[in-house]
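Next come the chains, spelled out residue by residue.
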Amino acid sequence: MSKIKSIRCRVWNWTGPTVPPQPNFCTNASDVLWDRGDAMSSFRFHQWLTCEVEADSGEIGIGNAALVPGLVKQAIDSQFAPLAIGEDPFDYAYIWEKMYRRSHAWGRKGVGMVAISAIDIAIWDLMGKLVGKPVFKLLGGRTKEKIPVYYSKLYADSIDAMQAEAAAAMKNGYKGYKTRFGFGPKDGMPGMRENLKRVEAVREVIGYDNDLMLEAYMGWNLDYAKRMIPKLVKYEPRWLEEPVIADDMHGYAELNAGPIPISGGEHEYSLFGFRQLLDLKAVSVIQYDTNRVGGITAAQKINALAEAHQVPVIPHAGQAHNYHMTMANVNCPISEYFPVHDVEVGNELFYYIFSGDPDAKDGFLDLDENKPGLGIEISDAHLDKFEITE
């Protein structure tokens, strides 16, 4: 019987080159504030956390977190690691409940749940390595030959630049493309027109035989979204993502009753948070991120709940921990895919810290059945571009 021997967390601070922010790059929840400077700054992830759970046999499972890694490391080191050390990793459900319930007064959402997620992902990776199986095989196995992926970038830019990016992406055979809005309520009617120009420009390039997804990243409000949606209908979007802040579940529900499916959940936590979204019929697509929502243990419960409501789950951000969920669940039809790119928002850091994350080819990716666990390892290829905090 294996026991968890130690838990090691490191914060990886990117010191390499970054793509400078562009004006109206992407709407976000801070746009409503009277503020000077870069409103997008708090939504960039130029740090990452790795969480290594070691068994007494020497095998190491790897988890990760992107949100406020410094705070998450403190939470794991001081609160959560002592709860997991000494336990059998195959008692993952008990370990999860122990972490969740012992921290319930302060940790059931946000930093606490992100910390639980990092440990839980590492435990699943460890279990896969201990039995010599990929994680998706432990979750139910292969439900699709390959995973279809959609291209996720197309941040707001000049129309020429966005059309050129879309045209280049089409050469890789994607059947879906997600673009971001650059303008919101504070930009008034002129901003609405700028949004519509860019949606039209991208649709012009990708045509109507490919899916188009639209994201506001919490940068609109209910009134603005209700004014924009009728203008967007003719472009036939597959969904409108996070049109209002995450806490406005009733706003989501009102919009989801309209002509464009609403997606969300990237900033929601735990099974109970998603039960509320589903009870309210607030979303037509769920987009949790496994490294936020409570890890693989929580994500599997959400998948089952969503399937019972016939609401598809398309996890946020791609990455190995989410791909295994998609492969193992019929109700997860496609995956988000961020192409390898210079560091901009920060999702790109995953490629610089880990090796083994699958690449998309001709609009699909696959998971290697011969790689145990999640199939990724911490890489030393870019150590010179990080400052690492133990």
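By convention here, each chain's residues receive numbers from 1 onward along its written sequence. Totals for whole chains, interfaces and linings use all residues, but because this is a predicted model, local features are given only for residues with pLDDT of at least 70 and pairs of side-chain atoms are given and counted only at 80 or more. As a convention, hydrogens and water are excluded, and side-chain values are obtained from all of the structure's heavy atoms.

A look at the pairing of strand S1 (residues 4-14)
For every residue, the accessible area obtained with a 1.4 Å probe (protein chains only) is divided by the maximum for its type, and the residue is called buried under 20%, exposed over 50%, and partly exposed between those limits. Each helix is a run of H or I in the DSSP string that is no shorter than four residues. Each strand is a run of E no shorter than two, and both are numbered from the N terminus. Most of S1 is tucked away: 8 of the 11 residues are buried. Relative to strand S2 (residues 47-55), S1 is paired through 9 bridges, and the arrangement is antiparallel. Following the sheet pairing, isoleucine 7 is matched in S2 by valine 53. At least two bridges found by DSSP between two strands are what make those strands a pair. The pairing of S1 with strand S14 (residues 386-389) spans 4 bridges and is antiparallel. For valine 11, the partnering residue across the bridge sits in S14 and is threonine 389.

Re the environment of glycine 346
Its location among the elements puts glycine 346 in the loop between strand S10 (335-337) and helix H14 (349-353). A sequence separation of 301 residues divides glycine 346 from phenylalanine 45, and the C-alpha atoms of the two residues are 4.3 Å apart. What makes two residues a contact is simply this: any of their non-hydrogen atoms within 4.5 Å. Beyond its immediate sequence surroundings of up to four residues, glycine 346 is in contact with Phe45, His46 and Trp48.

As for the environment of isoleucine 260
Its location among the elements puts isoleucine 260 in the loop between helix H9 (249-256) and strand S8 (262-264). Counting along the chain gives 22 residues from isoleucine 260 to arginine 238, while the straight-line C-alpha distance between them is 7.5 Å.

Some remarks on the nonpolar core
The nonpolar core is taken to be a set of buried Ala, Val, Leu, Ile, Met, Phe, Trp, Tyr and Cys residues, with the residues joined through side-chain atoms within 4.5 Å. Counting residues in each nonpolar core, the largest one holds 119 residues, and the members touching the most others are Ile7, Ile76 and Ile286. Once you skip the residues sitting within four places of it in the chain, isoleucine 76 turns out to touch Ile7, Cys9, Leu49, Cys51, Ala81, Pro82, Ala115, Ala118 and Ile119. Core analysis: the next-biggest nonpolar cluster, separate from the first, contains 6 residues, Met213, Trp239, Val285 and Ile314 among them.

Remarks on the side chain of glutamate 87
If you trace the backbone, glutamate 87 turns up in the loop between helix H1 (69-84) and helix H2 (92-102). Look at glutamate 87 and you get buried, because its relative accessible area is 16%. Within the structure, the side chain of glutamate 87 is placed 2.9 Å from the side chain of lysine 98, a separation counted as a polar contact. Once residues lying within four places of it in the same chain are set aside, the contact partners of glutamate 87 are Ser2, Lys3, Ile4, Tyr94, Ile95 and Lys98. Nitrogen and oxygen atoms within 3.5 Å of one another constitute a polar contact, given that in protein one can donate a hydrogen and the other can accept it, and given that sequence-neighbouring residues count only through two side-chain atoms.

Focus: the pairing of S2
The two faces of a sheet get side chains in turn, since along a regular strand they alternate between them. With 7 of 9 residues buried, S2 is to be regarded as a mostly interior element. Looking at chain direction, S2 and strand S3 (residues 60-65) are connected through 6 bridges and run antiparallel. Across the sheet, valine 53 pairs through a bridge with glycine 61, a residue of S3. Joining the antiparallel neighbours S2 and S3 is a turn of 4 residues, in which glycine 58 adopts a positive phi near 100°.

Considering the side chain of arginine 180
Within the secondary structure, arginine 180 sits in strand S5 (residues 176-180). A polar atom in the side chain of arginine 180 sits 3.1 Å from the side chain of glutamate 215. With sequence-adjacent residues up to four places away left out, arginine 180 is seen in contact with Cys26, Ser152, Lys153, Leu154, Tyr155, Ala156, Glu215, Glu336 and Phe338.

Describing the packing of helix H4 (residues 111-131) against helix H12 (residues 295-308)
Lines are fitted to the C-alpha atoms to define the axes, a helix being fitted only along its stretch in contact, and any angle between axes, read from their N-to-C directions, falls within 0 to 180 degrees. One can describe the packing of H4 onto H12 by two numbers: an axis separation of 6 Å at closest approach and a directional angle of 90°. Here H4 lies roughly perpendicular to H12, going by the angle between them. Contact residues: Ser117, Asp120, Ile121 and Trp124 in H4; Gly295, Ile296 and Thr297 in H12. For this classification, the nonpolar set comprises Ala, Val, Leu, Ile, Met, Phe, Trp, Tyr, Cys and Pro, the charged set comprises Asp, Glu, Lys and Arg, and every other residue, Gly included, is treated as polar. Split into classes, the residues belonging to the contact of H4 with H12 amount to 3 nonpolar, 3 polar and 1 charged. Note on terminology: angles under 35 degrees are roughly parallel, angles over 145 are roughly antiparallel, angles of 65 to 115 are roughly perpendicular, and the others are oblique.

A look at H4
In this scheme, a helix's expected span is set at 1.5 Å multiplied by one less than its residue total. In this model, H4 (21 residues) spans 31 Å end to end at C-alpha, consistent with the 30 Å of a helix rising 1.5 Å per residue. Counted residue by residue, H4 has 18 buried out of 21 residues, so it is predominantly covered. Looking at the residues trailing H4, positive phi occurs at glycine 132, about 70°.

Topic: the pattern of salt bridges
Each reported salt bridge corresponds to a side-chain nitrogen of Lys or Arg within 4 Å of a carboxyl oxygen of Asp or Glu. Considering all chains together, one arrives at 26 salt bridges under this definition. A single network of salt bridges, built from pairs that share partners, joins Lys178, Arg180, Glu215, Glu241 and Glu336.

Structural notes on the packing of H1 against H4
The interhelical angle for the contact between H1 and H4, taken along N-to-C directions, is 70°, at an axis separation of 9 Å. With respect to H4, the element H1 is oriented roughly perpendicular. Residue-level inspection shows Leu71, Val72, Ala75, Ile76, Phe80 and Ala81 of H1 in contact with H4, the latter providing Val111, Gly112, Val114, Ala115, Ile116, Ala118 and Ile119. Each residue belonging to the contact of H1 with H4 can be placed in one class, and the counts come to 12 nonpolar, 1 polar and no charged.

Some points on the sheet that holds S1
Strand order in the open sheet formed by 4 strands is S3-S2-S1-S14, and the pairing between neighbours is antiparallel. Looking at the sheet topology across the chains shown, the edges are occupied by S3 and S14. In this sheet, neighbouring strand axes are inclined to one another by 25° on average, regardless of whether the strands run parallel or antiparallel. Strand contacts of H4: S1, S2 and S3, with the helix running at about 150° to S3, the strand carrying the most contacts.

Some points on the confidence of the model for the protein chain
Close inspection of predicted coordinates is inappropriate for parts of the model with low pLDDT. Residue-level pLDDT values for the protein chain average 96, and 98% of them are 70 or greater. Predictor confidence is given residue by residue as pLDDT, running from a minimum of 0 to a maximum of 100. Ranking the helices and strands of the protein chain by mean pLDDT puts strand S7 (residues 239-241) first, with 99, and H14 last, with 95.

Quick word on the packing of aromatic side chains
Classification of ring pairs rests on two measures: the distance between centres of Phe, Tyr or Trp rings, Trp counted by its six-membered ring, which must be within 6.5 Å, and the angle between planes, read as stacked under 30 degrees, edge-to-face over 60 and tilted in between. On inspection of all chains with the given rule, the structure shows 17 aromatic pairs. An angle of 70° between the planes, with centres 6.0 Å apart, marks the rings of tryptophan 48 and phenylalanine 350 as edge-to-face. Placement of the pair is tryptophan 48 in strand S2 and phenylalanine 350 in helix H14, with a sequence separation of 302 residues. When sorted by exposure, tryptophan 48 lands in the same class as phenylalanine 350, which is buried. Judged by centre distance (6.2 Å) and plane angle (85°), the rings of tyrosine 174 and tyrosine 177 are edge-to-face. Overall, tyrosine 174 belongs to the buried group, its relative accessible area being 6%. Taken together, Trp12, Trp14, Tyr352 and Phe386 form an aromatic cluster joined through their ring pairs.

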